Amino acid sequence: EPDWDNEREILSHLTCIGVVGIEDPVRPEVPDAIKKCQRAGIVVRMVTGDNVNTARSIAQKCGILEPNSDFLVLEGKEFNKCIRDSSGKVSQKKF
């Protein structure tokens, strides 16, 4: 019988038998809503906590980014640096 209180021992003899990935699909109405905004002259931007590659994929599925186009994707830390002034305050001009 394993000693269930000894986490180091329990976790040292495990074998990975599978990896599962899930996707939260884009709602069907989103790409059309993005297109309507763009036709109205609105520049659509997306802010997410996802990793950069996931964010890029979602933005392409939504129609925010076109595949093989020139675009900018920033992680949160980089974005935060870009919008702050020398005193660390958010600058509306830098948005």
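None of these values were measured; they are calculated from a predicted model.

A. The arrangement of the overall build of the chain in detail. Scanning the chain for helices and strands turns up four helices and zero strands. Ordered by position from N to C terminus, the α and β elements of the chain give α-α-α-α. Radius of gyration (C-alpha) of the chain: 21 Å, far over the 12 Å computed for a compact globule of 95 residues. The buried share among the 95 residues of the chain stands at 12%. Within the structure as shown, the chain displays about 8,600 Å² of accessible surface, and the carbon and sulfur contribution to it stands at 52%. Within the chain, one finds 14 positive and 15 negative side-chain charges whose respective centroids are separated by 16 Å.

B. Main features of the pattern of salt bridges. For the structure shown, the criterion picks out two salt bridges. Across the pair Glu 23 and Lys 61 runs a salt bridge whose closest N-O atoms are separated by 2.4 Å. Taken together, the residues Glu 23 in the loop between helix 1 (7–11) and helix 2 (30–39) and Lys 61 in helix 3 (residues 52–62) connect sequence positions 38 residues apart. According to the relative accessible area criterion, Glu 23 is exposed, its value standing at 53%. Exposure remark for Lys 61: the relative accessible area of 43% places this residue in the partly exposed category. The closest approach of N and O atoms between Lys 36 and Asp 32, which form a salt bridge, is 3.6 Å.

C. Here's a closer look at helix 3. Looking only at helix 3, the buried set comprises Val 52, Ala 55, Ala 59 and Cys 62. The arc that holds the buried residues of helix 3, viewed along the axis, is 90 degrees, so those residues lie on one side. If you check the start of helix 3, you find a side-chain oxygen 2.7 Å away from the backbone N of Asn 53, and it comes from Asn 51. Where helix 3 ends, the next residue or the one after it, Gly 63, has phi of about 95 degrees, a positive value.

Analysis parameters
- Residues numbered from 1 in each chain as written.
- Predicted model: local features only at pLDDT ≥ 70, side-chain atom pairs only at ≥ 80, totals over all residues.
- Heavy atoms only, no water.
- Helix = DSSP H or I, 4+ residues; strand = E, 2+ residues; numbered from the N terminus.
- Rg over C-alpha atoms; globule rule 2.2 N^0.38 Å.
- Buried < 20%, exposed > 50% of the residue type's maximum accessible area, 1.4 Å probe, protein only.
- Areas by Shrake-Rupley, 256 points an atom, 1.4 Å probe, with all protein chains shown as cover.
- Lys, Arg positive; Asp, Glu negative; His and termini not counted.
- Charge placed at Lys NZ, Arg CZ, Asp CG, Glu CD.
- Salt bridge = Lys/Arg side-chain N within 4 Å of Asp/Glu carboxyl O.
- Arc of directions from axis to C-beta.
- Polar contact = N/O pair within 3.5 Å; in protein donor to acceptor, adjacent residues only side chain to side chain.

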